[in-house]
Amino acid sequence: MAAQLLHQLTQPVTSLPGVGSAGARRLASLGVETVGALLEHFPRTYQDRRRVTPLAALVEGRPVVVRAEVAAHDWFGPRGRHLRIALTDAEPAVGGPGREGHRAARGAARAALLCFGRRYLARSVPVGSVVTVAAVFQLRHGAWEAGSFELLREGDAASLGRIIPVYPLSEGIRPAMLRRAMHAACARLNGEATPWDGLCRRRGLPPVAEAVHALHFPECAGDIERARTAVAYAELLQLQRALRRRRPPPRRERRVGGALPARIVTRLPFALTRGQEAALVEISGGLRAASPCARLLQGDVGCGKTLVALLAAAWVVEAGEQAAFIVPTELLARQHLSSACRILAPAGITVALLTGAGASRGGHAVTRAELLADLRCGAIDVLLGTHALLQEGVAFARLGLVVIDEQHRFGVLQRRHLLQQEPRADLLLMTATPIPRSLAMTVYGDLERTVIGELPPGRLPVRTHLVRLANIGKVYDRVRAELAAGGQVYVVAPRIGAPEPAAGPASGSEAGSPPAPVPAVPDAESLFAALRDEVYPEFASGRIHGAMDESEKHAVMEAFRRGALSILVATTVVEVGVDVANATGMVVFGAERFGLATLHQLRGRVGRGSRQGYAYLVYGEPLSDAGAERLRAMKESGDGFEIAERDLGLRGPGQLLGLRQAGLPELRVAELPRDLELALQARTEVGRTAAGAATAPVAGVAGVAPCA
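Residues numbered from 1 in each chain as written. Predicted model: local features only at pLDDT ≥ 70, side-chain atom pairs only at ≥ 80, totals over all residues. Heavy atoms only, no water.

S.K.: Can you help me understand the overall build of the chain in this one?
M.R.: Helix and strand counts for the chain come out as 22 helices and 26 strands. Taking all 708 residues of the chain together, the buried fraction comes to 53%. Put simply, of all contacts in the chain between residues at least 6 apart along the chain, 76% involve residues at least 24 apart. Accessible area for the chain stands at about 30,300 Å²; split by element, carbon and sulfur atoms hold 51% of it. (Helix = DSSP H or I, 4+ residues; strand = E, 2+ residues; numbered from the N terminus. Buried < 20%, exposed > 50% of the residue type's maximum accessible area, 1.4 Å probe, protein only. Contact = heavy atoms within 4.5 Å. Areas by Shrake-Rupley, 256 points an atom, 1.4 Å probe, with all protein chains shown as cover.)

Written as structure tokens, this is what we have:
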């Protein structure tokens, strides 16, 4: 963990009193090697150690500091290996436990410390000595006991008589040692300045060094939130400046008339939605700009993002340039190829496909070498494909646009690989996984945002049902009715093979439901066999998952798309891009195991035509609180952006941010969506001061320049 805000404090932690080579090795396991990095290892919570609590006033489960006399040593456990230190109040209690004390402890001024594996305490804490202990006591069989405690030294300013920080630790690091090291590190903050201090003061916040000191050793509870806000604001300022400096260099203004995309639109058998038209206006404006456009195109499943991206590619082709269209799976690549051939090819645009399994041009198979030669000489206008487009040897004659579908499936370095060939090319990232506004202001803050906020006319909201696994028979009956009416159904399992132990025969089924033993978490292979042979033998079934050969997956998907299969058993390989208008049912087994974004994507596979779509989220029991909350969110909302905000609230930013992968400063104190308003202020401030900001990067923070 490199220091960021306090990067200038590069002295090794061994320069702090009391931190030797052994302590430095243990701190390195936390990613801490310098004084600055140590100071940016912030507390996760606090304990108030400003007063001593009598043993007669203990409250179960509450952290306290007690001062007590050691009354006795007892040994317990196998061969008497563990020590029990009996305590009694060192001084008579004043008053009593009051209303907060446990009734069983009223008048009892005794407690015990359970010392597992700490036999040495029999020598260092002898009978008759007086000790000061920080602990959390529990009442067991009418007696107070603490198995986790910290013996405090009198006069230890870092551990006693104040509000004490509680840090994330790793094995071998004692809290007292870390606090003493932090106390010494804080002494080095005097006079240290950061590029963000002026902007913090402008907001009425303390400078960064002062705020960091207060976060580690607050004088009162009120100091903590004020200091937290200051450090969070500085982190967000630093992040916004790094995002601003990632923007590409200017280019010669591209001449884009828009006549070719207009001709394509007139040939479509349907009208564009207002959302698609508005998105095209924004995107075409970026394509004409003097600076390359980096844009995030967001829209719920089924809103028509792919068509918008293909029309953007037509704009670039009209200007004499090429477009690359990258997707995460071959299944999705082939589907986009079908759309591109149908929409772009009639306008004279040459479309090709490159995947790990092979290459094609204009719908005809070619060798990889032939395709790459055509690409280099400019004979291919739009190249679609998977990660194969990022391999060595893929070179464009005049790359003008890079489109990345389901962009969250690609790393930041992968996204920018093609742009290294032509840094002035435009970048269009597409996602059907709605991104909360707070994340859009941070990780994607260097991108323009375009949102398609409506579905095509005639689409009906998918009706979502939550079903216990024991009631799967009812789902089977409803699915049978959909199949009999001519619909098609996806059935999703969370794994390919190796089922978990069976949960026994399903119960609670309606009359006529087939008996069907269902594993607690069924796998795709066994579920496919059960549905094909036992539950729906009268309907054609297929299955698709990641372990299958690409050609086999393509054949199964095509059979389902043209209606030759009524039931498709799958893993989450169908999560993105699969578009079958006749599919009306989605059954997800083990739904409690999936994240909200995945569940929303799966639900979006159905109801894409004019018929009503249904999603059955089947869950096992017992159901965790987090699982129940996710399923409740899916039941209550069909709005992808609302679901994304709830997902962020449930999971926290964590890996959703992807800051480390993006090479951006980490957020160690700032929290989203809690600090959304701070993020907005930081973005506004950095934008306002960018013109007058110094351009030299701050030492130790790549790509970040001071803005005040």
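S.K.: Any chance you could explain the sheet that holds strand S19 (residues 463–468) here in plain terms?
M.R.: Backbone hydrogen bonds hold the strands of a sheet together, and the pairing may be parallel or antiparallel. Reading across from one edge, S19-S26-S25-S20-S24-S23 is the order of the 6 strands in this open sheet, with parallel pairing throughout. The two strands at the open ends of the sheet, each matched to only one other strand, are S19 and strand S23 (541–544). Put simply, the sheet's adjacent strands are angled 20 degrees from each other on average, direction ignored. With 6 bridges connecting them, S19 and strand S26 (residues 614–619) associate as parallel partners. Residue pairing in the sheet places Val-467 in a bridge with Val-618 of S26. Strand contacts of helix H19 (residues 625–636): S19 and S26, with the helix running at about 150 degrees to S19, the strand carrying the most contacts. (Pairing = 2+ DSSP bridges. Axes fitted to C-alpha atoms, helices over the stretch in contact; angles between N-to-C directions.)

S.K.: Just to check I follow, could you spell out the pattern of salt bridges for this structure?
M.R.: Pairs may arise between side chains of opposite charge once their charged atoms sit close together. Tallying each qualifying case throughout the model produces 23 salt bridges. Here Arg-228 ties to Glu-225 by a salt bridge, and the two come within 3.5 Å at their closest N and O atoms. With Arg-228 and Glu-225 both in helix H7 (residues 221–244), this residue pair falls 3 residues apart, about one helical turn. The exposure class assigned to Glu-225 is partly exposed, which follows from its relative accessible area of 36%. (Salt bridge = Lys/Arg side-chain N within 4 Å of Asp/Glu carboxyl O.)

S.K.: Help me out: how do you make sense of empty space enclosed by the protein in this one?
M.R.: One simple way to see leftover space: roll a probe sized like a water molecule over the atoms. According to the stated counting rule, one finds 2 cavities of 30 Å³ or more in the structure shown. When its volume is computed, the second largest cavity comes out at roughly 50 Å³. In this structure, the second largest cavity is lined by Ile-283, Gly-286, Leu-287, Cys-293, Arg-295, Leu-401, Asp-426, Leu-427 and Leu-428. Of all elements in the fold, only helix H9 (274–288) and strand S17 (426–431) reach the threshold of two or more residues within the lining of the second largest cavity. Tallied by class, the residues present in the lining of the second largest cavity amount to 6 nonpolar, 1 polar and 2 charged. (1 Å grid on protein atoms, 1.4 Å probe; cavity = no way out; pocket = protein on both sides within 12 Å on 5 of 7 lines; lining within 4 Å. Points joined across faces, edges and corners; volume = space filled by probe spheres on them. Nonpolar A, V, L, I, M, F, W, Y, C, P; charged D, E, K, R; others polar.)

S.K.: Sorry, what's going on with the nonpolar core here?
M.R.: The tendency in soluble globular proteins is for nonpolar side chains to be buried side by side. Counting 57 residues, the largest nonpolar core has Leu-27, Leu-38 and Leu-39 as the members making the most contacts within it. Mapped by element, the contributors of at least two residues to this core are helix H1 (21–28), helix H2 (35–39), helix H4 (175–186), helix H5 (197–202), helix H6 (208–216), H7 and helix H22 (676–689). A per-element tally of this core places H7 first, with 11 residues. (Core = buried A, V, L, I, M, F, W, Y, C linked by side-chain atoms within 4.5 Å.)

S.K.: Quick question: what am I supposed to make of the sheet that holds strand S7 (residues 143–146) here?
M.R.: An order of S6-S7-S4-S3-S2-S5-S8 is seen for the 7 strands of this open sheet, with the pairing classed as mixed. Among the strands making up the open sheet, the edge pair consists of strand S6 (138–140) and strand S8 (149–152). On average, adjacent strands in this sheet sit at an angle of 45 degrees to one another, irrespective of strand direction. Two strands pair when backbone bridges link them, and strand S2 (residues 63–76) and strand S3 (residues 82–89) are joined in this way by 8 bridges, in the antiparallel orientation. Pairing of Asp-74 across the sheet is with Arg-84, part of S3.

S.K.: Can you walk me through the side chain of Ser-637 in this structure?
M.R.: Tracing the backbone through its elements, the reader meets Ser-637 in the loop between H19 and helix H20 (640–651). Taking relative accessible area as the criterion, Ser-637 reaches 6% and is therefore assigned buried. If we skip the residues at most four places from it in the chain, Ser-637 touches Arg-603, Glu-642 and Ile-643.

S.K.: Quick question: what am I supposed to make of H7 here?
M.R.: Note on helix geometry: an α-helix contains 3.6 residues per turn, so any two residues three or four positions apart are oriented the same way. For H7, which comprises 24 residues, the first-to-last C-alpha distance of 36 Å matches the rise-based estimate of 34 Å (1.5 Å per residue) to within 8%. Summarising burial for H7: 18 of the 24 residues are buried, a large majority. (Expected span 1.5 Å × (residues − 1).)

S.K.: What should I look at first to understand the packing of aromatic side chains in this one?
M.R.: Pairs of aromatic rings are described using the distance from one ring centre to the other and the angle between the two planes. Going through the model one piece at a time under the given rule, you end up with 5 aromatic pairs. Between Tyr-614 and Tyr-616 the ring centres are 6.5 Å apart and the planes differ by 10 degrees, which places this aromatic pair in the stacked class. On the accessibility criterion, Tyr-616 (5% relative accessible area) is buried. Taken together, Tyr-476, Tyr-536 and Phe-539 form an aromatic cluster joined through their ring pairs. When the ring centre of Phe-149 is taken as origin, the NZ or CZ atom of Arg-118, which lies over that ring, is 4.4 Å away. (Phe/Tyr/Trp six-rings, centres within 6.5 Å; stacked < 30°, edge-to-face > 60°. Lys NZ or Arg CZ within 6 Å of the ring centre and 35° of its normal.)

S.K.: Would you explain the packing of helix H11 (residues 330–343) against helix H17 (residues 550–561) in this entry?
M.R.: Helix-helix packing is described using two parameters, namely the angle between the two axes and the distance between the axes. Packing of H11 against H17 brings their axes to within 10 Å, and their N-to-C directions diverge by 50 degrees. Comparing their axes, H17 and H11 come out oblique. Of the two elements, H11 crosses H17, and the hand of that crossing is right-handed. Every residue of H17 that contacts H11 at Glu-330, Leu-331, Arg-334 and Gln-335 is listed here: Glu-550, Lys-553, His-554, Met-557 and Arg-561. Residues belonging to the contact of H11 with H17 are distributed by class as follows: 2 nonpolar, 2 polar and 5 charged. (Parallel < 35°, antiparallel > 145°, perpendicular 65-115°, else oblique. Left-handed = near helix turned anticlockwise from the far one by under 90°.)

S.K.: Just to check I follow, could you spell out unusual backbone geometry for this structure?
M.R.: A negative phi angle is the norm for most residues apart from glycine, just as the trans form is the norm for most peptide bonds. Cis geometry marks the peptide bond from Glu-621 to Pro-622; its omega dihedral reads 0 degrees. Within the secondary structure, Pro-622 is located in the loop between S26 and H19. In the Ramachandran plot, His-141 falls in the positive-phi region, its phi being about 55 degrees despite a non-glycine side chain. Summarising the element assignment, His-141 is placed in the loop between S6 and S7. In this structure His-141 comes out as exposed when scored by relative accessible area, which is 88%.

S.K.: Just to check I follow, could you spell out the pairing of strand S24 (residues 567–570) for this structure?
M.R.: Regular strands place their side chains on alternate faces of the sheet. Here S24 shows a buried face lined by Ile-567 and Val-569 and a second buried face lined by Leu-568 and Ala-570. The pairing of strand S20 (residues 488–492) with S24 spans 4 bridges and is classified as parallel. Opposite Val-489, over in S24, you have Ile-567 as the bridge partner. Judged from the 4 bridges that link them, S23 and S24 form a sheet pairing that is parallel. Across the sheet, Arg-543 pairs through a bridge with Val-569, a residue of S24. A crossover links S23 with its parallel partner S24, the connecting element being H17, and its sense is right-handed. (Right-handed = clockwise from strand over helix to strand, strands pointing away.)

S.K.: Help me understand the packing of H9 against helix H10 (residues 305–318) in this model?
M.R.: Axis separation between H9 and H10 bottoms out at 10 Å; the angle between their running directions is 30 degrees. Our classification of the angle between H9 and H10 gives roughly parallel. Considering only the axes of H9 and H10, their crossing is right-handed. Across from Gln-276, Ala-279, Leu-280, Ile-283, Ser-284, Leu-287 and Arg-288 in H9, the residues of H10 making contact are Leu-307, Val-308, Leu-311, Ala-312, Trp-315 and Val-316. Among the residues forming the contact of H9 with H10, the class breakdown is 10 nonpolar, 2 polar and 1 charged.

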